[in-house]
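Observations on the model geometry
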Amino acid sequence: MNRRASPQTDRSNRRGFLRLTALAAAACGEPRAQAAAEGLIVREVQPKNLEMPFSALRSFITPSEQFYVRNHFPEPNLDPQGWKLSVEGAVERPFEINLEGLLRLPQRTQTVLLECAGNNRALLDPPVKGVQWRLGAVGNARWSGVPLATLLEWARVRPGAVEVILEGADGGQVGDLPGRTAFARSLPLEKARRGGVLLAHEMNGKPLTISHGFPVRGVVPGWYGMASVKWLTRIIVTEQPFHGFFQSIDYAYWRPSPGGRTLTPITQLQLKAQIARPSAGETIRAGSLQRISGAAWTGDGAVEAVEVSTDGGRSWSRARLQREQAQYAWRLWDYDWAVPQAVGSATLIARALDEERRMQPAERDANRRNYMVSHLLPVQVRVR
Ligand SMILES: Nc1nc2c(c(=O)[nH]1)N[C@H]1C(S)=C(S)[C@@H](COP(=O)(O)O)O[C@H]1N2
Ligand SMILES: [Mo]
């Protein structure tokens, strides 16, 4: 079964309403929520879920104040003095490390894009459940911290180990599970050791804000955002695959397999391009030269090209890729469109190709449930 994306329509009224909701929350004694929401669209007040207005995309590095926030529970306000991270489970030498200890270890900085696996789901037709993200549950930041591999080496992973679980300090009631469930995700041992995973304490050169995981979070390059566990407190090495709520019920998709589809944890980012400007519903001047711009990204590979159609997919032209790039970052692109003289409407589409000339899919695959939206998303504009 394929689903088509509905053309994006302007929902600025709704956005206005959500902004007001945020201000109302701020007025009832939540000044922090409002400060963090500056320039961001509020999708949920509690737990706090904020989206970047993607039309505001201006730079390769997303300013921290503009970086989306995706929370499942109230944000824990951890005391950096008392904070400890334990490395436990199938290791010869379990230990705890505090923030001072972590800061003394060799540090690394890398640019990594995070995209929520639910990004763009508001554009699906029929609608699906979950936070109604449009284009802005994605950002590209510079993260600094200690490689997860360093701590695993120190702990001496036992030969039978298969996965590493990252657990956050936040939690609550989820689904039909009794009691409290912490936010946790696992990584295959191989990815944990060699995948460039960071235990980050800085974002864009400053300590993490509470919303982005203060004092320390995981940053898992090339994977959807749910793997980058915030407010990290435990690293658990296991000899069995982990089937926690956030990778077996939530953040899982149906993978075709013998005997029927099998629910599989979401991992790698999918190849895609998004148009930042013009935005859906915008009016463009007939006969003008209009710049179309956006970003494109993928998981482990590289974006090789972006193509743009201004006639609903009948013809395609190469976009210009901007120079700045990094392995796990997005690539900004633009294309100058000679807008026709004729008044009417136009359907803009962007598509990304990777280094093996693979292209993002044209149609929605319903096996992805309410996640991993990476098919072509048309943007309708008016020409006047
Ligand atoms: N502890 C914890 N980590 C978490 C989450 C969470 O709710 N709790 N949300 C995850 C999801 S789904 C995403 S997309 C990213 C978002 O990171 P950000 O809020 O810094 O943008 O954090 C991930 N890490
Ligand atoms: Mo997410």
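Starting afresh in each chain, residues are numbered from 1 along the sequence in its written order. Key to labels: chains lettered from A, ligands numbered from 1, both in the order written. Local features in a predicted model are, by the rule used here, given only for residues with pLDDT of at least 70; side-chain atom pairs are given and counted only at 80 or more, and totals for whole chains, interfaces and linings are based on all residues. Calculated side-chain values reflect all of the structure's heavy atoms, with hydrogen atoms and water omitted.

**Digging into the pattern of salt bridges**
Formally: For this document, the term salt bridge refers to a Lys or Arg side-chain nitrogen within 4 Å of an Asp or Glu carboxyl oxygen. In this description a helix means any DSSP run of H or I spanning at least four residues, a strand means any run of E spanning at least two, and both kinds are numbered starting from the N terminus.
Under the defined criterion, the tally for this structure stands at 15 salt bridges. Two residues, R194 and E190, come together in a salt bridge whose shortest N-O distance is 2.9 Å. Highlighted residues: R194 and E190, both in helix α5 (residues 189–194), separated by four residues, approximately one helical turn. In this structure, a network of salt bridges that share partners links the residues R291, R320, D334 and D336.

**Re the side chain of Q290**
As a reminder of what qualifies: Residue exposure (1.4 Å probe, protein chains only): buried if accessible area is under 20% of the type maximum, exposed if over 50%, otherwise partly exposed. Whether two residues are in contact is decided by their heavy atoms, any of which lying within 4.5 Å being enough.
With respect to the secondary-structure elements, Q290 resides in strand β19 (residues 289–297). A relative accessible area of 18% means that Q290 is categorised as buried. The residues contacting Q290, other than those within four sequence positions of it, are P278, I284, Y335, D336, W337 and V339.

**Overview of the sheet that holds strand β14 (residues 232–238)**
Backbone hydrogen bonds are what pair the strands of a sheet, in a parallel or an antiparallel way. Where we set the bar: Note on pairing: DSSP must find at least two bridges between two strands before they are called paired. Working convention: axes come from line fits to C-alpha atoms, limited for helices to the stretch in contact. Angles between N-to-C directions cover 0 to 180 degrees.
Pairing within the open sheet is mixed, and its five strands lie in the order β6-β5-β14-β9-β10. Every other strand in the sheet has two partners, leaving β6 (95–98) and β10 (181–188) as the edge strands with one partner each. Neighbour-to-neighbour, the strand axes of the sheet open up by a mean angle of 20°, direction not taken into account. Summarising the sheet, strand β5 (residues 84–89) and β14 pair through four bridges and their orientation is parallel. Across the sheet, the residue bridging to G89 is V237, located in β14.

**Notes on the environment of V308**
Summarising the element assignment, V308 is placed in strand β20 (residues 303–309). Since its relative accessible area comes to 2%, V308 is described here as buried. Not counting chain neighbours up to four residues away, the residues in contact with V308 comprise I292, S315, W316, S317, A319, W333, Y335, I349 and A350.

**Some thoughts on unusual backbone geometry**
As a rule of thumb, non-glycine residues mostly have phi less than zero, and peptide bonds are mostly trans rather than cis. Note that the residue after D125, namely P126, is joined by a cis bond; omega there is 5°. Positionally, P126 belongs in the loop between β7 (108–115) and β8 (138–147). In this structure, the amide linkage connecting F214 to the following residue, P215, adopts the cis form with an omega of 5°. Relative to the assigned elements, P215 resides in the loop between β12 (206–207) and β13 (217–219). Its identity is not glycine, yet Y251 carries a phi of approximately 55°, on the positive side. Examined against the element boundaries, Y251 turns out to sit in the loop between α6 (245–248) and β15 (252–255). Judged by relative accessible area, Y251 falls into the buried class, the value being 3%.

**Considering the packing of aromatic side chains**
The line we're drawing: Stacked, tilted and edge-to-face are the three classes assigned to paired rings of Phe, Tyr and Trp, where Trp is represented by its six-membered ring and a pair needs centres within 6.5 Å; plane angles under 30 degrees give stacked, over 60 edge-to-face, the rest tilted. Either the NZ atom of lysine or the CZ atom of arginine qualifies as a charge over a ring when it sits within 6 Å of the ring centre and within 35 degrees of the ring normal.
Applying the stated rule across the entire model yields nine aromatic pairs. Between F54 and W330, the ring centres sit 6.4 Å apart and the planes meet at 75°, which makes this aromatic pair edge-to-face. Here W330 lies in the loop between β22 (320–321) and β23 (331–338) and F54 lies in the loop between β3 (49–51) and β4 (69–70), a separation of 276 residues in the sequence. On the basis of relative accessible area, F54 is assigned to the buried category, the value being 4%. Measuring from ring centre to ring centre gives 5.8 Å for F67 and W143, while their planes differ by 85°; the resulting arrangement is edge-to-face. You can see F67 sitting in the loop between β3 and β4 and its partner W143 sitting in strand β8, a full 76 residues away along the chain. In this structure, F67 and W143 share a single accessibility class: buried. Ring pairs connect the aromatic residues F67, Y68, W133 and W143, which therefore count as one cluster. A cation over a ring is seen here: R93 above W154, with NZ or CZ 4.2 Å from the ring centre. Directly above the ring of W316 sits R351, whose terminal nitrogen or CZ lies 3.8 Å from the centroid.

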